[in-house]
Amino acid sequence: MRLPKLRELAEALKAVVRGPYTSRFPVEPHVPYPSFRGQPRYDAAKCVGCLACEQVCPVEAIAHRDETGGGEPKRVMIHYTDTCIFCGSCEAACIADHEGIRLSTDWNLAFFDRRTESFETIEKPLQLCEMCGAVIACIDHLTWIADRLGELAFASPTLYQSRLAGLGIADENIAAVLRDHGRSDRGKILCARCRRETTLTTKEEPKPGEKGEAG
Amino acid sequence: MAKTVIPIGPYHPLMEEPELFRLTVEGETVVDVEANLGYNHRGIEKLSESKTFDQSTFVIERICGICSTSHPFAYTQAVEDIIPLQVPERAKYIRTIVGEGERIHSHLLWAGLAGHFLGYNTVFMWAWKLREEILDVMEILTGNRQNYAMFKPGGVRRDIRSQDIPVVLRKIDSIMPTLERIRKAIVDDPVLHARLKGIGVLSKEEAIDYCAVGPTARASGIDRDVRKDAPYAAYDRVDWKMIVTNNGDVFDKVVVRVLEIFESVAIMKQCLEQLPGGEIDAKITSIPPGEGIGTHEAPRGEVFHYVRSDGSNRPVRHKVRAPSFMNIPTCKATVVGGTISDATIILAAVDPCYCCTERLVVRSPDGRRLYDGQDLVRLSQEKTAALRKELGLP
């Protein structure tokens, strides 16, 4: 009858010698295991701004804002730390080889000011329609599609031109060829709506300053 | 003698299922108990219907904070039942490993809390210390200590890295002596024998009448376990036995859970050793119209999910039945006739989250407050102390 209690006593004595089981946290930093799921981080160089992560996020912790007002048009990708559940759906859905956004092992996410510190952002340059100014996609996203399509990308002037623009080449030939057939603007980087319009109608090119309908 | 009504509950944010117990007592003896459910309706089923099949998994995971894998386990099986679809072998094994790891930590958590309610804080400290090791194992395997985010319809989200397997096996082996010590500290302890044997008895007939599930039923001699009766995942590929005891009292419920921990460890080790290679995801492209059901033996018993699809990417109906829903009414059979100091542990024995005792207030007829939750725990601990003195123990 006393044996169980003696066993517990032995354990208690051992604990006295061994010292506390808990780590001395603030003094010794906590090092998480490499497979720990921590804060997802954007890689601004690899992310193409396709918004797949925003679409799959189950808690809407990812959002974006397209800034087309003044200056260079850009897409701001926003990740809210306080909403995130670290499930990794964004990483799994990332089209840039799962490297555009990755779970890090960063667990120390405390902050003081929710309005300014609860999110992380990256900026991606946006491609606007050269006719109506509507947002098409991020420049990197168009390049990414063109790369994947290979030579098939030549079928779409938007992809072809954005690929050339990325390489710093301006191809005057396309515009020159098309000019003789009425709609030289077909060779521009266009949104889907403007592409239909330029294909189906023979309307004159809008004068500079006179914008077409917004896509 | 005048009757007094003691309300326990209903609200506590930590509970998976808020409930209100109204104990009617005559002096020390409980003469009636009434259980009310449905206080903290979170609209999870409706919320799940507004998410895609894939996103729903994360909502479902948050039904319960302790058995956070049980619900996705049943849900993904329900979705796969609609198609129908067999998940890859490797995914089945990984699911089993995560499911069993969760059972270990859930039973340990319960054992610790039960120890605390009895004033046996040694078990509380040991069990929770050991639970840390299990949570570390889960962190290595899944990346999270809780809400593992491993399940998805069609497979699992994350593979177990081959270099982690030896680390985990070593860690599991290293906790075995401690686990054995906890088993002895609970099963051999004379005070626990005196305190728990013969109280809160749920006979086999009553367990069948109340449709009790899980350890609550198995302690009453009902050999029912979804893992054995309708094997899913990798449960038919590993060697393990169902723990069944016959007395139906609180002590047997403790024993069933403690011994189940050992079975879970055995299942986990076998799965890790036999883990087959291959894909981890069947990559579902569309879910046809139809309906499916999925069940899983959660730490507290059978959890049941029903999902109906209309061919879109969202479920049109999702029904969840958690095991505590079946187990809580058994308190009608177990608590009545006992004393108030035993009511705590009897109600805790079916393993609802027992934090609700903090709401307990005893009011005398003139509205004066006599007891609160702290007092109830104190009453229970005092009874153990008195027993200890009676048995001549330090």
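Quantities reported herein were computed from a predicted structural model and do not represent experimental measurements.

Section: the overall build of chain B
At step 1: Assigned secondary structure in chain B consists of 15 helices and 10 strands.
At step 2: In terms of overall dimensions, chain B is globule-like: its C-alpha atoms have a radius of gyration of 21 Å, near the 21 Å expected for 394 residues.
At step 3: Projecting the C-alpha coordinates of chain B onto the three principal axes gives extents of approximately 65 × 45 × 35 Å.
At step 4: Counting across all 394 residues of chain B, residues that qualify as buried make up 51%.

A short note on the overall build of chain A
At step 1: Broken down by element type, chain A carries eight helices and six strands.
At step 2: Taken from the N to the C terminus, the helices and strands of chain A come in the order α-β-α-β-β-α-β-α-β-β-α-α-α-α.
At step 3: For chain A, with 215 residues in total, the buried portion stands at 24%.
At step 4: Nonlocal contacts in chain A, meaning residues at least 24 apart in sequence, comprise 62% of its contacts between residues at least 6 apart.

As for the domain arrangement of chain B
Often the size quoted for an interface is simply the accessible area lost on bringing the parts together.
Residue and element names in this part refer to chain B.
At step 1: Taken domain by domain, chain B consists of domain 1 (3–40 + 335–390) and domain 2 (44–325).
At step 2: For domain 1 versus domain 2, the distance between C-alpha centres works out to 28 Å.
At step 3: Its residues placed into classes, the side of domain 1 that touches domain 2 shows 11 nonpolar, five polar and five charged.

Looking at the interface of chain B and chain A
At step 1: Between chain B and chain A, the residue contacts involve 21 residues of the former and 16 residues of the latter.
At step 2: Of all the secondary-structure elements, those providing two or more residues to the side of chain B that touches chain A are helix 2 (53–61), helix 5 (121–142) and helix 6 (164–187) of chain B.
At step 3: Across the side of chain B that touches chain A, the residue classes break down as seven nonpolar, four polar and 10 charged.

What about the sheet that holds strand 5 (residues 119–128) of chain A?
All names here are of chain A.
At step 1: Strand order in the open sheet formed by four strands is 2-3-5-6, and the pairing between neighbours is antiparallel. Edge positions in the open sheet fall to strand 2 (62–67) and strand 6 (135–138), since each of these has one partner strand only. Each strand axis lies, on average, 35° off the axis of its neighbour in the sheet, ignoring direction.
At step 2: Inspection of the sheet shows strand 5 paired to strand 6 by three bridges, in the antiparallel sense. If you follow L126 over to strand 6, its bridge partner there is C138.
At step 3: Together, strand 5 and strand 6 form the strand contacts of helix 5 (residues 139–149), whose direction differs from that of strand 6 by roughly 75°.

A short note on helix 5 of chain A
At step 1: All of the buried residues along helix 5 of chain A are I139, D140, H141, L142, T143 and A146 of chain A.
At step 2: The secondary structure elements touched by the buried residues of helix 5 of chain A are strand 5, strand 6 and helix 6 (157–167) of chain A.

Examining the sheet that holds strand 8 (residues 315–321) of chain B
All names here are of chain B.
At step 1: What the three strands build is an open sheet, ordered 6-7-8; its pairing is antiparallel. Whereas interior strands pair on both sides, the edge strands pair on one side only; in this sheet they are strand 6 (290–298) and strand 8. Here the average twist between neighbouring strands, direction ignored, is 15°.
At step 2: The sheet contact formed by strand 7 (residues 301–309) and strand 8 spans six bridges and is antiparallel. Pairing of Y306 across the sheet is with K319, part of strand 8.

Quick word on the nonpolar core
At step 1: Core analysis: the largest hydrophobic core is formed by 137 residues, its most contacted members being L23, A114 and I346 of chain B.
At step 2: Apart from residues lying up to four places away in sequence, L23 of chain B is in contact with I6, I8, V30, V33, V335 and A343 of chain B.

Thoughts on the packing of helix 2 of chain B against helix 3 (residues 70–82) of chain B
All names here are of chain B.
At step 1: Relative to each other, helix 2 and helix 3 sit at 155°, their axes nearing to 8 Å. Here helix 2 lies roughly antiparallel to helix 3, going by the angle between them. The hand of the helix 2/helix 3 crossing is right-handed. Along its contact with helix 2, which presents F53, S56, T57, I60 and E61, the element helix 3 presents H71, P72, Y75, T76 and V79.
At step 2: The residue makeup of the contact of helix 2 with helix 3, split by class, is five nonpolar, four polar and one charged.

Some words on the pairing of strand 3 (residues 74–80) of chain A
Residue and element names in this part refer to chain A.
At step 1: Alternating positions in strand 3 separate cleanly, R75, M77 and H79 being buried on one face and K74, V76, I78 and Y80 remaining unburied on the opposite face.
At step 2: Bridge count for strand 2 against strand 3 is six bridges, and the pairing is antiparallel. Each bridged residue has a counterpart across the sheet, and for R65 the counterpart in strand 3 is V76.
At step 3: As consecutive antiparallel partners, strand 2 and strand 3 are separated by six residues, and within that stretch G71 has a phi angle of approximately 75°, a positive value.
At step 4: Note that strand 3 and strand 5 share seven bridges and pair antiparallel.

What to know about the environment of T57 of chain B
All names here are of chain B.
At step 1: When you line up the elements, T57 lands in helix 2.
At step 2: Looking at T57, the number of C-beta atoms within 10 Å reads 25, which means it is buried.
At step 3: The spacing of T57 and V123 is 66 residues in sequence and 34 Å in space, taken between C-alpha atoms.
At step 4: Sequence-distant contacts of T57, defined by excluding residues within four places in its chain, comprise P72, Y75, T76, F151 and K152.

Some points on the packing of helix 4 (residues 89–117) of chain B against helix 14 (residues 340–349) of chain B
Residues and elements named next belong to chain B.
At step 1: Two elements in contact, helix 4 and helix 14, have axes whose closest approach is 10 Å; the angle formed by their N-to-C orientations is 170°. With respect to their mutual orientation, helix 4 and helix 14 come out roughly antiparallel. Along the contact surface, helix 4 presents L113, A114 and F117, while helix 14 presents T344, I345 and A348.

Some words on unusual backbone geometry
At step 1: Between I83 of chain B and the following residue, P84 of chain B, the backbone shows a cis peptide bond with an omega angle of -25°.
At step 2: On the secondary structure map, P84 of chain B appears in the loop between helix 3 and helix 4.
At step 3: Notably, H98 of chain A is not glycine yet its phi reads approximately 60°, a positive angle.
At step 4: By secondary structure assignment, the location of H98 of chain A is in the loop between helix 3 (89–93) and strand 4 (101–103).
At step 5: Positive phi, normally seen in glycine, also occurs at K283 of chain B, with a value near 50°.
At step 6: Its location among the elements puts K283 of chain B in the loop between helix 11 (250–274) and strand 6.
At step 7: The class of K283 of chain B is exposed, set by 9 C-beta atoms lying within 10 Å.

Criteria and cut-off values
- Residues numbered from 1 in each chain as written.
- Chains lettered and ligands numbered in written order.
- Predicted model: local features only at pLDDT ≥ 70, side-chain atom pairs only at ≥ 80, totals over all residues.
- Helix = DSSP H or I, 4+ residues; strand = E, 2+ residues; numbered from the N terminus.
- Rg over C-alpha atoms; globule rule 2.2 N^0.38 Å.
- Buried ≥ 20, exposed ≤ 12 C-beta atoms within 10 Å, placed from the backbone.
- Contact = placed C-beta atoms within 7 Å.
- Domains from an automatic or database assignment.
- Nonpolar A, V, L, I, M, F, W, Y, C, P; charged D, E, K, R; others polar.
- Pairing = 2+ DSSP bridges.
- Axes fitted to C-alpha atoms, helices over the stretch in contact; angles between N-to-C directions.
- Core = buried A, V, L, I, M, F, W, Y, C linked by C-beta atoms within 7 Å.
- Parallel < 35°, antiparallel > 145°, perpendicular 65-115°, else oblique.
- Left-handed = near helix turned anticlockwise from the far one by under 90°.

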